Amino acid sequence: MTNTMTIRRPKFTTHADGTDAYLTIHEITGSQPGPTVGISAAIHGNEPTGTEIILELFRMLPTLPIKGKLVLLPVANPRAYAVNHRFTPIDELNLNREFPGDPKGNYTQQLAAAITREFLEVIDVHLDFHSGTDRPTVDYIYIWNDEALSRSFGSKVLYRPVQTREGTTFSGTTKVVTLDRRNIPVVVVELGGGIVDQKPYVQRGIAGLLNMLRQLKVIDGDVVPPPKQVVVPAIKTIRPTQAGILETLAPPLGEVIRKGQLLGRVVSPYTFEVLEEIPTPYDEGIMILSHLSRNLVESGDYGYMVGDMNGAQP
Ligand SMILES: [Zn+2]
């Protein structure tokens, strides 16, 4: 009744410092049949919370019998992760805009092609963990093509992107392989980040991940019903147009913010002037991404994300 745990490191190119470029993939095979579930994190190198969630899962697996197989890719972009950077430092590209990748392309396209070949094309379900960075904190789940699975993670706010005839604006993300090409169930988790203790987010992350694995019948046990949830049809990302200290005035994540309220303001750390006041974009919105401490921002950084409660569903 025990799992077989292996690690493999497919090489996809070399680095100028003489080291090999490879993915690190764990494969955990249960003694009973079931789906192959791929779990990935840190596709953006400065979103480390998901890697910690996968670490917690990994530590449970010697005594947690599974049905089927788990394929873990804890650090999808190692060079970016190593320097806490969103993009690959070698070519400054966003890995999650380069899928399905190109084995004869630039470095990030080669990395994307390796992830496509070694991970995205061998799994039956994809659970992808994103987070805030070392400044903003985020808390929502995408609904792509398996609403029950998305809901079972247990987050309060869910986002169902509006599909257009041309598809969505998410071109070059992993979903060009998982959704558009293969149509396997996909859940994208956005949880954690910020200059706050990550422990509560990691605990929520592992609880939600285990519940998704129960929903998929990969592990035994009853699925814990989700809390009261809201599904928003649109999200606006608001970026400060001025640099300085961003002071948040918005309510906590998951709470409602109404027209006339300020999300926050940018204050000069030099003159102490208020450089910008940032209004909320919707008549009634719900907080999805915020700065939970006073953070220094550049103009154009991630400031806030607000979901539109107009047209929201329970
Ligand atoms: Zn991300």
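Residues numbered from 1 in each chain as written. Predicted model: local features only at pLDDT ≥ 70, side-chain atom pairs only at ≥ 80, totals over all residues. Heavy atoms only, no water.

Focus: the coordination of the zinc ion
- Those protein atoms acting as donors to the zinc ion are His44 (ND1), Glu47 (OE), Glu47 (OE) and His130 (ND1), and they sit at 2.1 to 2.5 Å.
- Bound by four donor atoms, the zinc ion shows angles of 56 to 149° at the metal and therefore irregular coordination geometry.
- Judged by its relative accessible area of 3%, His44 is buried. (Donors = N, O, S within 2.8 Å, 3.2 Å for Na, K, Ca; no water. Tetrahedral: all angles 85-135°; square planar, octahedral: opposite > 155°, others 65-115°. Buried < 20%, exposed > 50% of the residue type's maximum accessible area, 1.4 Å probe, protein only.)

Topic: the domain arrangement of the protein
- Taken domain by domain, the protein holds domain 1 (4-230) and domain 2 (235-308).
- At the interface, 14 residues of domain 1 touch 14 residues of domain 2.
- In this assembly, domain 1 packs against domain 2 so that about 1200 Å² is buried in total across both faces, 66% of it on carbon and sulfur atoms.
- On the domain 1 side of the interface with domain 2, the three residues burying the most area are Arg135, Pro136 and Thr137, jointly 35% of the side's total.
- Joining domain 1 to domain 2, the criterion identifies zero salt bridges.
- Our enumeration of links across domain 1 and domain 2 arrives at five residue pairs in polar contact (both at pLDDT 80 or more).
- Every element with two or more residues in the side of domain 1 that touches domain 2 is listed here: β8 (137-142) and β9 (157-159). (Domains from an automatic or database assignment. Contact = heavy atoms within 4.5 Å. Buried area = accessible area lost by both parts, 1.4 Å probe. Salt bridge = Lys/Arg side-chain N within 4 Å of Asp/Glu carboxyl O. Polar contact = N/O pair within 3.5 Å; in protein donor to acceptor, adjacent residues only side chain to side chain. Helix = DSSP H or I, 4+ residues; strand = E, 2+ residues; numbered from the N terminus.)

What about the sheet that holds strand β13 (residues 244-248)?
- The antiparallel open sheet is built from four strands, whose spatial order is β16-β15-β13-β18. If you trace the sheet from one side to the other, it starts and ends with β16 (274-279) and β18 (295-297), each paired once. Across the sheet, the mean angle from the axis of one strand to that of its neighbour is 30°, orientation sign disregarded.
- Relative to strand β15 (residues 262-267), β13 runs antiparallel, the two being bridged by four bridges. Of the residues in β15, the one forming a bridge with Thr248 is Gly264. (Pairing = 2+ DSSP bridges. Axes fitted to C-alpha atoms, helices over the stretch in contact; angles between N-to-C directions.)

A look at the packing of aromatic side chains
- The full count for this structure, using the stated rule, is six aromatic pairs.
- Ring centres 5.8 Å apart and planes at 55° place the aromatic pair Phe12 and Tyr107 in the tilted group. A residue pair is termed long-range when its members are at least 10 positions apart, and Phe12 in strand β2 (residues 11-14) and Tyr107 in helix α3 (residues 107-120) qualify at 95 residues.
- Aromatic ring contacts, followed pair by pair, group Tyr140, Tyr142, Trp144 and Tyr159 into a single cluster.
- Here the basic side chain of Lys175 rests over the ring of Trp144, its NZ or CZ set 5.5 Å away from the ring centre.
- The ring of Tyr302 carries the charged tip of Arg239 above its face, separated from the ring centre by 4.6 Å. (Phe/Tyr/Trp six-rings, centres within 6.5 Å; stacked < 30°, edge-to-face > 60°. Lys NZ or Arg CZ within 6 Å of the ring centre and 35° of its normal.)

Points about unusual backbone geometry
- Between Phe99 and Pro100 the backbone carries a cis peptide bond, its omega angle lying at 10°.
- We note that Asn84 has phi near 55°; this positive angle belongs to a residue other than glycine.
- Among the secondary structure elements, Asn84 is positioned in the loop between α2 (78-82) and α3.
- For Asn84, a relative accessible area of 36% gives the class partly exposed.
- With phi around 70°, Phe272 is a residue other than glycine that occupies positive phi space.
- Note on placement: Phe272 falls in the loop between β15 and β16.

A word on helix α6 (residues 199-215)
- Spanning 17 residues, α6 covers 24 Å between terminal C-alpha atoms, matching the ideal 24 Å at 1.5 Å per step.
- Restricting attention to buried positions, one finds in α6 the residues Tyr201, Val202, Gly205, Ile206, Gly208, Leu209, Leu210, Asn211, Met212, Leu213 and Arg214.
- One or two residues past the end of α6 sits Lys217, with phi positive at roughly 60°. (Expected span 1.5 Å × (residues − 1).)

Digging into the packing of helix α1 (residues 49-60) against α6
- Between α1 and α6, whose axes approach to 9 Å, the crossing angle comes to 60°. Comparing their axes, α6 and α1 come out oblique. When you trace α1 past α6, the crossing you get is right-handed. Only Tyr201, Val202, Gly205, Ile206, Leu209, Leu210 and Leu213 of α6 make contact with α1, whose side of the interface consists of Thr49, Glu52, Ile53, Glu56, Leu57 and Met60.
- Here the residues of the contact of α1 with α6 are counted per class, giving nine nonpolar, two polar and two charged. (Parallel < 35°, antiparallel > 145°, perpendicular 65-115°, else oblique. Left-handed = near helix turned anticlockwise from the far one by under 90°. Nonpolar A, V, L, I, M, F, W, Y, C, P; charged D, E, K, R; others polar.)

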